[in-house]
Amino acid sequence: MISGNHKKFILAAIREAKKAYRKNEVPVGAVIVADGKIIARAYNETIRLNDPTAHAEIIALRKAAKKIGNYRLNGCQMYVTVEPCPMCAGALIWARVKELVYGVPDVKSGACGSVVNLFADKKFNHQVKITSGILEEECGNLMQKFFQKRRRSG
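As the structure is a computational prediction, the values presented were derived from the model and not from experiment. (Residues numbered from 1 in each chain as written. Predicted model: local features only at pLDDT ≥ 70, side-chain atom pairs only at ≥ 80, totals over all residues. Heavy atoms only, no water.)

J.: Looking at this structure, how should I read the packing of helix α3 (residues 56-68) against helix α4 (residues 86-94)?
T.: Taken N-terminus to C-terminus, the directions of α3 and α4 make an angle of 25 degrees; their axes are 9 Å apart at the nearest point. The angle between α3 and α4 places the two elements in the roughly parallel class. Here the hand of the crossing between α3 and α4 comes out left-handed. Here E57, I58 and L61 of α3 lie close against α4, whose contacting residues are M87, C88, A91 and L92. Grouping the amino acids of the contact of α3 with α4 by side-chain chemistry returns six nonpolar, no polar and one charged. (Axes fitted to C-alpha atoms, helices over the stretch in contact; angles between N-to-C directions. Helix = DSSP H or I, 4+ residues; strand = E, 2+ residues; numbered from the N terminus. Parallel < 35°, antiparallel > 145°, perpendicular 65-115°, else oblique. Left-handed = near helix turned anticlockwise from the far one by under 90°. Contact = heavy atoms within 4.5 Å. Nonpolar A, V, L, I, M, F, W, Y, C, P; charged D, E, K, R; others polar.)

J.: Just checking my understanding: could you explain the pairing of strand β1 (residues 29-34) for this structure?
T.: Along any regular strand the residues' side chains alternate between the sheet's two faces. The buried fraction of β1 amounts to six of the six residues, a majority that puts the element mostly inside the structure. Neither face of β1 is exposed, since G29, V31 and V33 on one face and A30, I32 and A34 on the opposite face are all buried. Summarising the sheet, β1 and strand β2 (residues 37-43) pair through six bridges and their orientation is antiparallel. By the bridge assignment for β2, A30 is matched with A42. (Buried < 20%, exposed > 50% of the residue type's maximum accessible area, 1.4 Å probe, protein only. Pairing = 2+ DSSP bridges.)

J.: Mind showing me how you'd approach the pattern of salt bridges here?
T.: It is possible for side chains bearing opposite charge to pair when their charged atoms get close. Counted according to the given criterion, the structure contains three salt bridges. K19 is the partner of E16 in a salt bridge, and the nearest nitrogen-oxygen pair spans 3.0 Å. Highlighted residues: E16 and K19, both in helix α1 (residues 4-22), separated by three residues, approximately one helical turn. Among the ionic pairs, R48 bridges to E45, the shortest N-O distance being 2.6 Å. (Salt bridge = Lys/Arg side-chain N within 4 Å of Asp/Glu carboxyl O.)

J.: What am I meant to see in the packing of aromatic side chains here?
T.: Geometrically, a pair of aromatic rings is defined through the distance of the ring centres and the angle of the planes. The full count for this structure, using the stated rule, is four aromatic pairs. Residues W94 and F124 carry aromatic rings whose centres are separated by 5.9 Å and whose planes lie at 85 degrees to one another, so their mutual orientation is edge-to-face. Pair noted here: W94 is in helix α4 and F124 is in the loop between β4 (99-104) and β5 (129-131), with a separation of 30 residues, a long-range link. Ring geometry for F146 against F147: centres 5.0 Å apart, planes inclined by 85 degrees, an arrangement best described as edge-to-face. When its relative accessible area of 2% is taken as the criterion, F146 is described as buried. Three or more aromatic residues link up through ring pairs in this structure, and these residues are Y21, F146 and F147. (Phe/Tyr/Trp six-rings, centres within 6.5 Å; stacked < 30°, edge-to-face > 60°.)

J.: In this structure, what is going on with α3? I would like to understand it.
T.: Residues spaced three or four apart along an α-helix face the same direction, because each turn holds 3.6 residues. A rise of 1.5 Å per residue sets the reference length of α3, with its 13 residues, at 18 Å; its end C-alpha atoms lie 18 Å apart and thus fit the reference within 8%. For α3, the full list of buried residues reads A56, E57, I58, I59, A60, L61, A64 and A65. Taken from the residues just after α3, G69 is the one with a positive phi, measuring 75 degrees. (Expected span 1.5 Å × (residues − 1).)

The following block contains the structure:
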């Protein structure tokens, strides 16, 4: 059974991912929550910004840190539609995010167990709680639809 908050916040991340989809960016969306409220929202913008680091997670982390005035996001949760890559997983550790909740695994670049698992290494000075598979079908369908469309258009 999915917690009501997990569903609510993943739905907010899906809304962000749909913004990326409409702009022909890989449809990944993220939100950061503090004390039960969304403090940052973002979606992939790597193409528009010509920036390989402009993943939804990184943009959301930057916005949240600016909003609270601290690069450490102690007690915050990140909700993201797709399993984070190694760059984003590392950023979550450095930001001291309390919990990561994601929708669908990324079997090509996921860093929460699909390809590698950065969060399993207890040598890091911070551990992030992981919850996965929240609205997995909805998150996966959006990615599948995007890549099918991309293949058809050549």
